[in-house]
Amino acid sequence: MIAQVKGKLVLRAADHVVVDCSGVGYQLFVSSKTLQQAPATGHEMTLLSQLIVRDDGMSLYGFSSQAERDLFGKLNSVSGIGPRMALVALSGSSVAELRRAIAAGDAKRFQAVPGIGRKTAERIIVELREKVSDELSGEIAETGVADGTDARLLAREGLVTLGYELAEAERMLDAIGAGIEIGEPEEMIAAALRGAARAA
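Here's a quick rundown of the structure. (Residues numbered from 1 in each chain as written. Predicted model: local features only at pLDDT ≥ 70, side-chain atom pairs only at ≥ 80, totals over all residues. Heavy atoms only, no water.)

### Regarding the pairing of strand 2 (residues 16-21)
For a regular strand, side-chain orientation follows a simple rule: the groups alternate between the two sheet faces.
So, step 1. Of all 6 residues making up strand 2, 5 are buried, and the element is well covered by its neighbours.
So, step 2. Following strand 1 (residues 4-12), the chain reverses through 3 residues before pairing antiparallel with strand 2. (Buried < 20%, exposed > 50% of the residue type's maximum accessible area, 1.4 Å probe, protein only. Helix = DSSP H or I, 4+ residues; strand = E, 2+ residues; numbered from the N terminus. Pairing = 2+ DSSP bridges.)

Right under this line is the structure:
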């Protein structure tokens, strides 16, 4: 597998770039988010990549971050979501926003993506929600917060990990209401995300 491409950017197009690596030009399909971070042509750039092999040929996809590549892989694993559709989803929202939508069960976020209907959007939530929640739990554990810290603090750290600003995370937890200090951090995060989705 081609895991990374580094070289001179020689072409920028609406949905792909071409990177010259020692005289070999690699075409990589990219999201608009990754394209926005690409330098001007003639400058060096590095992209993480994933090679997709199908009966009708091979395609190389490029990503500006490991988080984007990971989410691309998850979306591409869902029935009805091919690699091109996964890129379209990644182009419309940030990785953090899409992860929040999955964790909150916000299928409407994906219905807004051209080509994704209600059933497919719901399938994304069903198939990926547990995976995203497990990742979130692991990221909370890796923050190094000392044992005995209350659940609210852990939940706040989790919301920040998902891309929310600290003050916004506090407001979301305040909105849950009484009894916020009781329960598992993951449950509090889920409740906060559901509240944010209803308020949107």
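What follows continues from the structure just given.
### Considering the pairing of strand 3 (residues 24-29)
So, step 1. Pairing between strand 2 and strand 3: 6 bridges, direction antiparallel. In the sheet register, V17 faces strand 3, and the bridge partner there is L28.
So, step 2. In this antiparallel pair of consecutive strands, strand 2 and strand 3, the connection spans 2 residues, and S22 shows a positive phi of 55 degrees.

### Quick look at the layout of surface pockets
So, step 1. The computed volume of the largest pocket comes to approximately 180 Å³.
So, step 2. Around the largest pocket, the lining comprises 12 residues; the ones closest to its centre are D106, R109, Y164, A196 and A197.
So, step 3. Counting only elements with at least two residues in the lining of the largest pocket, the list comes to helix 4 (95-104) and helix 9 (185-199).
So, step 4. Tallying contributions element by element places helix 4 first for the lining of the largest pocket, with 4 residues. (1 Å grid on protein atoms, 1.4 Å probe; cavity = no way out; pocket = protein on both sides within 12 Å on 5 of 7 lines; lining within 4 Å. Points joined across faces, edges and corners; volume = space filled by probe spheres on them.)

### What about the environment of L35?
So, step 1. Mapped onto the secondary structure, L35 falls in helix 1 (residues 32-37).
So, step 2. It is 7.9 Å that separates the C-alpha atoms of L35 and R12, two residues lying 23 residues apart in sequence.
So, step 3. Once residues within four sequence positions are removed from consideration, L35 is found in contact with R12, A13, A14, V17 and V30. (Contact = heavy atoms within 4.5 Å.)

Honestly, it's all geometry; don't read function into it.
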